[in-house]
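Here is what each chain is made of, one letter per residue.
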Amino acid sequence: MAAGTGSGRTVSATFRPIRGWLLLPSWAIIGFFMVIPVLLMLVYSFLTKEFRGGVIWEPTLAAYDQFLFDRGLFGDEPPTIEWAYITIFIRSILQATGATLLCLLIGFPTAFFIATRPAHTRAIWLFLITIPYWVNLLIRTVSVRFLIRDNGPLNDFLLALGLVDQPLGLINTNFAVQLGLFYSYLPFMVLPIYAAVERYNFAFSEAASDLYAPKWTILRRIVIPVVKPGIIAGCILVFVPSLGAFLAPDLLGGAKTYMIGSLIEEQFKGNAGNWPFGAAASMILLSMVLVVLLFYARGQSREGA
Amino acid sequence: MTFDVRRYRGFFGLTMLCLFILYVPLLVVMVYSFNDSRSITNWEGVSLRWYVDVFTGPESEKFKQAAWNSLTIALSAAIVSTTIATAAAIGMVRGGAFRGKSATFALISLPIMVPEIVTAVATLIFFSTIAFPLGTLSILVAHIVFCIPFAYLPISARLQGIEASYEEAAQDLYAGRWATFRHVLFPIMGPGIMSGFLLAFIISLDDFIITNFVKGAGVETLPTAIFGSVKQGIQPNIMALSTLLLLFSIALVTLSYFIGKRGEALQPDRGD
């Protein structure tokens, strides 16, 4: 239309000269309250722990050493590999991977289905997916706990149907945590895949079908490769928060389902805490996330090239 | 031989399964919040007693204080972060190309990228090092930082759809910079700013992990109060309180959705 005939230019002579002033509050606030704290956390991970929380400003590698090695109760025995914390990290990676795959399994067909609806109903479907995304994560996790606990509605239902003759004992298991993560982050998978499928040009699929390609081959060989950036974005949006999740392992799991988030939280609560160790665990978690994001960014720029 | 390349057998079923999974736990809690029973296990008929309990029961003072804290913090955090994000969006979108633009974008997105528990730990360590007292103010500061990217994204998306010609026309008519923003840009950006504000508000209202780390002793927001209660076992009054909070969030999201829709209708530049 009249206004649309322009080049779509968004640079303006009005605000360009003061852009530094406009960006200053963001630089200052995020820099001061986010970048400096993360750097400080790195420093803390090399300090000596103070009993009852806090630190003594003496540099040491104790936190990272404790993470990897067991030196006995008094620290004077020859070091052996300490598996407890490594196990927690591996469990977190497996749980996050499992949750990502489950979300993909349900999320991709959902996103595809919604993106192929007529424009006016599409918005409603999408809205139904977004609502749980904005509902308090704590309340959602509590509601899963309520639903699957031993004498909760799910077990009552299964018992009444005669499908099981005693409660399933789901709560406080790795499976319950997996379910909780899957439930928490499912909308994160649907939204980016939806955005990619919505932009997908179905003329490709039609051309392939004219050449007698079977339907599922079209999906596998044409649709999925084209919408891959959306799938990867969805996987990252599920994997990253699952890896550092605290609520699902805390409310649905128990001592045997500890994840990184629970381990970190424990170091800052109460007197048993160990701040340098918590800082070190946070740094390791952050590095893992950064590695995932860097791979993603590299893939993006290669895609663009 | 043709078939509909948009339809796959089973996809509709999986979509329904997806919605079923997303909604069933929430609906179950809503239904059980009307249970007229002291125990959460047995169903003893419909009643509003736990809603009455939330407002007048033995824990009502705690809940009221927590709700007041949550609302004042969320409102202040949303106002401040939306203001900062609006300025940043204008600087980024209207500023053209400049050195450090992608670094600035990375900086603004940082609070979304970093796992929340890491942000929580880092913020706690920072506050404790500079001896910043933990309480309402520390929660507010942490929320402002965390909310900036959530406010920024819808606002900058909106601004990207608005051409600079409007501001230039205003300037040609001798409007100053502030007048141009106040009377020209702000009204067109309105829906984006409003949805950014609402998202920031919900994010702050719902936040548990960061709040739990930086709140200090004695100060509670609704999520931390609910978490504290749930650790002792899920009580029926918590289900009533959760239902209220849930409905409040849904109402806000619905509001944001319709504001966004109205914004699309008003969008001046979208010829297609």
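Rules and cut-offs
Residues numbered from 1 in each chain as written. Chains lettered and ligands numbered in written order. Predicted model: local features only at pLDDT ≥ 70, side-chain atom pairs only at ≥ 80, totals over all residues. Heavy atoms only, no water. Core = buried A, V, L, I, M, F, W, Y, C linked by side-chain atoms within 4.5 Å. Buried < 20%, exposed > 50% of the residue type's maximum accessible area, 1.4 Å probe, protein only. Contact = heavy atoms within 4.5 Å. UniProt positions renumbered as here; feature names shortened; annotations may be inferred. Helix = DSSP H or I, 4+ residues; strand = E, 2+ residues; numbered from the N terminus. Salt bridge = Lys/Arg side-chain N within 4 Å of Asp/Glu carboxyl O. Polar contact = N/O pair within 3.5 Å; in protein donor to acceptor, adjacent residues only side chain to side chain. Nonpolar A, V, L, I, M, F, W, Y, C, P; charged D, E, K, R; others polar. Disulfide = S-S within 2.5 Å. Expected span 1.5 Å × (residues − 1). Bend = angle between axes of the 7 residues up to and from the residue.

### Brief notes about the nonpolar core
- Grouped together as the largest cluster of nonpolar side chains are 185 residues, with contacts concentrated most on A:F112, B:I125 and B:M189.
- Those residues in contact with B:M189, other than ones at most four positions away along the chain, are B:T86, B:I90, B:I155, B:R158, B:L159, B:I162 and B:F181.

### A short note on the UniProt feature "domain: ABC transmembrane type-1" (unreviewed entry) in chain B
- In the numbering used here, UniProt assigns the feature "domain: ABC transmembrane type-1" (unreviewed entry) to residues 67–256 of chain B.
- The span residues 67–256 of chain B carries 82% helix and 0% strand; its end-to-end C-alpha distance comes to 22 Å.

### Some remarks on the interface of chain B and chain A
- On the side of chain A, 102 residues touch chain B, which itself brings 103 residues to the contact.
- Here chain B and chain A share two salt bridges between them.
- A salt bridge links A:E206 to B:R6, with the nearest nitrogen and oxygen atoms 3.4 Å apart.
- If you look at where chain B meets chain A, you find 14 residue pairs in polar contact (both at pLDDT 80 or more).
- With 17 residues, the single largest contributor to the side of chain B that touches chain A is helix α1 (residues 11–32) of chain B.
- Looking at the side of chain B that touches chain A, its residues break down into 71 nonpolar, 19 polar and 13 charged.

### Some words on the state of the cysteines
- Counted according to the given criterion, the structure contains zero disulfides over all chains.
- Just so you know, B:C18 is unpaired, no disulfide at all, and the nearest cysteine sulfur is the one on A:C103, 8.8 Å from it.
- For B:C18, a relative accessible area of 0% corresponds to the buried category.

### As for helix α4 (residues 101–113) of chain B
- Spanning 13 residues, α4(B) covers 17 Å between terminal C-alpha atoms, matching the ideal 18 Å at 1.5 Å per step.
- Along α4(B), the sharpest change in direction is near 30° and occurs at B:L107; proline B:P111 comes one to four residues later.
- The complete set of buried residues in α4(B) reads B:T104, B:L107, B:I108, B:S109 and B:P111.
- Looking at the buried side of α4(B), the elements it contacts are α1 (19–44) of chain A together with α3 (60–94) and α6 (136–160) of chain B.

### Section: the pattern of salt bridges
- As enumerated under the stated definition, the model contains nine salt bridges over all chains in all.
- Residue A:D250 pairs with B:K231 through a salt bridge whose shortest N-O separation is 2.7 Å. Here A:D250 is found in helix α11 (residues 247–252), whereas its partner B:K231 is found in helix α10 (residues 222–231) on a different chain.
- Its relative accessible area of 45% is what places B:K231 among the partly exposed residues.

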